[in-house]
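Below are the chains, spelled out letter by letter.
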Amino acid sequence: MAAPDLETRIKHLRATMHTIEQVLDVDKMRREIAELGEQVAAPDLWDDQANAQRVTGRLSTLQGELERFTGLSARLDDVEVMVELSREEGDAEALAEAEKDLDRITKSVDVLEVRTLLAGEYDAREALVTIRSGAGGVDAADFAEMLMRMYTRWAERNKYAVDVYDTSYAEEAGIKSTTFAIHAPYGYGTLSVESGTHRLVRISPYDNQGRRQTSFAAVEVVPVLEQTDHIELPEEEVRIDVYRSSGPGGQSVNTTDSAVRLTHIPTGIVVSCQNEKSQLQNKASAMVILKAKLLARKREEEKAHLDELRGDVQGSWGDQMRSYVLHPYQMVKDLRTEYEVGNPGAVFDGDIDGFLEAGIRWRRGADKVEAG
């Protein structure tokens, strides 16, 4: 690529960075970091542990965001200097290296630009994902397991840790349900656009006659709770059942009743946890999941009430959201954003960033229309 073309790209990236700077309000961010730094230095900070965790958590988040922005700005300065020197010296090899650096910077700027759209109350939280097989029998159970692998592979690609709390295996193949946490910054804001019904169309490997099968799976994403979140959960409203952990095919993988199932009696919400070694640990993890789901339910009820007041009669945008077609053609298409790719194999291997970005931008547009 010629130097003038690179300079045009750099100019465009600078304009984008200026917009991001305004959205982030970098000056305000620096002032808040200074104020929080003073609070962290106070000797009595940890007298109130809940407030201390809020302050230190907010400080860490802001510092990370500021470092990401300033680091990208510095990289853009460096590549601009490299392009100028390469052009003056006629160094084609250095110019090619500058172009590669610019490609990497462009990708990082795109990610940061999308991150600025995640301004919801819980968007910065980590994500708690639940997948349930729906209509479609054994194919749906297999599809649910394919979706679980898709999200865990996405996490691995981005070096995010995953904790699987519970998996209920189907008898023939696949899973009935699973719940796992993805420990990613802005994990909830990023993955919340995945909530809804996913549909798979393929020639069933479980049908002796090789017929085409349509199956469904539901994905639910809620934010991981922090200690500062307050959810009322009286003991008498929760029924606790214990049982033995099981693996694929229903086989027992634990000789003691260490798995825990919690039922919230007023709402009927049921959560399970069997990945920890002790019943006490599983109960604690299950309680975290239950509270997260109750918080999400509370937010949905509040939103439904506001929609009712506005006269909003449209269904949730997340209900029927994506189709994965393996036969008679190959395509994965988001039904809300119209974003599509022709390589389902790559998608199921965790290459879903395009869908996530399109979903985040789509949701931002939908929120603006709703607010208006």
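The structure presented is a predicted model; accordingly, all values stated were derived computationally and were not measured. Here the residue numbers are simple positions, counted from 1 along each chain's written sequence. Given that the model is predicted, a residue must reach a pLDDT of at least 70 before its local features are reported, and side-chain atom pairs must reach 80 or more before they are shown or counted; all residues, however, enter totals for whole chains, interfaces and linings. Derived side-chain values reflect all non-hydrogen atoms in the structure, with water molecules and hydrogen atoms excluded from consideration.

Outline the pairing of strand β8 (residues 269–273), supporting the account with residue identities and numerical values.
Most of β8 is tucked away, with four of its five residues classed as buried. Relative to β8, strand β7 (residues 259–264) runs antiparallel, the two sharing five bridges. By the bridge assignment for β8, Arg261 is matched with Ser272. In this antiparallel pair of consecutive strands, β7 and β8, the connection spans four residues, and Gly268 shows a positive phi of 80°. Note on classification: 1.4 Å probe, protein chains only; a residue is buried when its accessible area is under 20% of the maximum for its type, exposed when over 50%, partly exposed between these limits. Numbering of helices and strands runs from the N terminus; a helix is a DSSP stretch of H or I covering at least four residues, while a strand is a stretch of E covering at least two. Whether two strands pair comes down to DSSP finding at least two bridges between them.

Quick rundown of the sheet that holds strand β6 (residues 238–243)? Include the residues and the values.
The antiparallel open sheet is built from three strands, whose spatial order is β6-β7-β8. Looking along the sheet, the strands with just one partner apiece sit at the ends: β6 and β8. On average, adjacent strands in this sheet sit at an angle of 20° to one another, irrespective of strand direction. Across six bridges, β6 lies against β7 in antiparallel orientation. Within β7, the position partnered with Arg239 by the bridge is Thr263. In this analysis, axes come from line fits to C-alpha atoms, helices being fitted only over the stretch in contact, and the angle between any two N-to-C directions falls in the range 0 to 180 degrees.

I'd like a rundown of the packing of aromatic side chains, residues and numbers included.
Stacked, tilted and edge-to-face pairs are distinguished by plane angle, under 30 degrees for stacked and over 60 for edge-to-face with tilted covering the rest, among Phe, Tyr and Trp rings (Trp via its six-membered ring) whose centres lie within 6.5 Å. This structure, assessed with the given rule, holds four aromatic pairs. Between Trp154 and Tyr160, the aromatic rings sit 5.6 Å apart at their centres with planes inclined by 55°, giving tilted as the arrangement. For Trp154, a relative accessible area of 5% puts it in the buried group. By relative accessible area, which is 21% here, Tyr160 ends up partly exposed. With centroids separated by 4.9 Å and ring planes inclined at 80°, the aromatic side chains of Tyr339 and Phe355 adopt a geometry described as edge-to-face. Here Tyr339, found in the loop between β10 (331–334) and β11 (340–341), pairs with Phe355, found in helix α9 (residues 353–371); they are 16 residues apart in sequence, far enough to count as distant. Overall, the relative accessible area of 32% leaves Tyr339 in the partly exposed class. Grouped by ring-pair contacts, the aromatic residues Phe143, Tyr324 and Phe348 constitute a single cluster. Working rule: Lys NZ or Arg CZ, within 6 Å of ring centre, within 35 degrees of ring normal, means a charge sits over the ring. One cation-aromatic arrangement involves Arg261 over Tyr243; the distance from NZ or CZ to the ring centre is 4.4 Å. In this structure, Arg336 packs its charged tip against the face of Trp362, placed 6.0 Å from the ring centre.

Tell me what's going on with the pattern of salt bridges, and back it up with residues and numbers.
Should their charged atoms come close, side chains of opposite charge can pair. Here, a salt bridge means any Lys or Arg side-chain nitrogen found within 4 Å of an Asp or Glu carboxyl oxygen. Throughout the structure, instances matching the rule amount to 25 salt bridges. Note that Glu7 is salt-bridged to Arg87, the shortest N-O span being 2.4 Å. With Glu7 in helix α1 (residues 3–24) and Arg87 in helix α3 (residues 49–89), the pair connects residues that are 80 residues apart, well separated along the chain. A relative accessible area of 45% means that Arg87 is categorised as partly exposed. The salt bridge partner of Asp103 is Arg9, with a shortest N-O separation of 2.9 Å. Placement of Asp103 in helix α4 (residues 92–115) and of Arg9 in helix α1 is noted, with a sequence separation of 94 residues between them. Connected through shared salt-bridge partners, Arg149, Arg153, Glu156, Arg157 and Asp349 make up one network.

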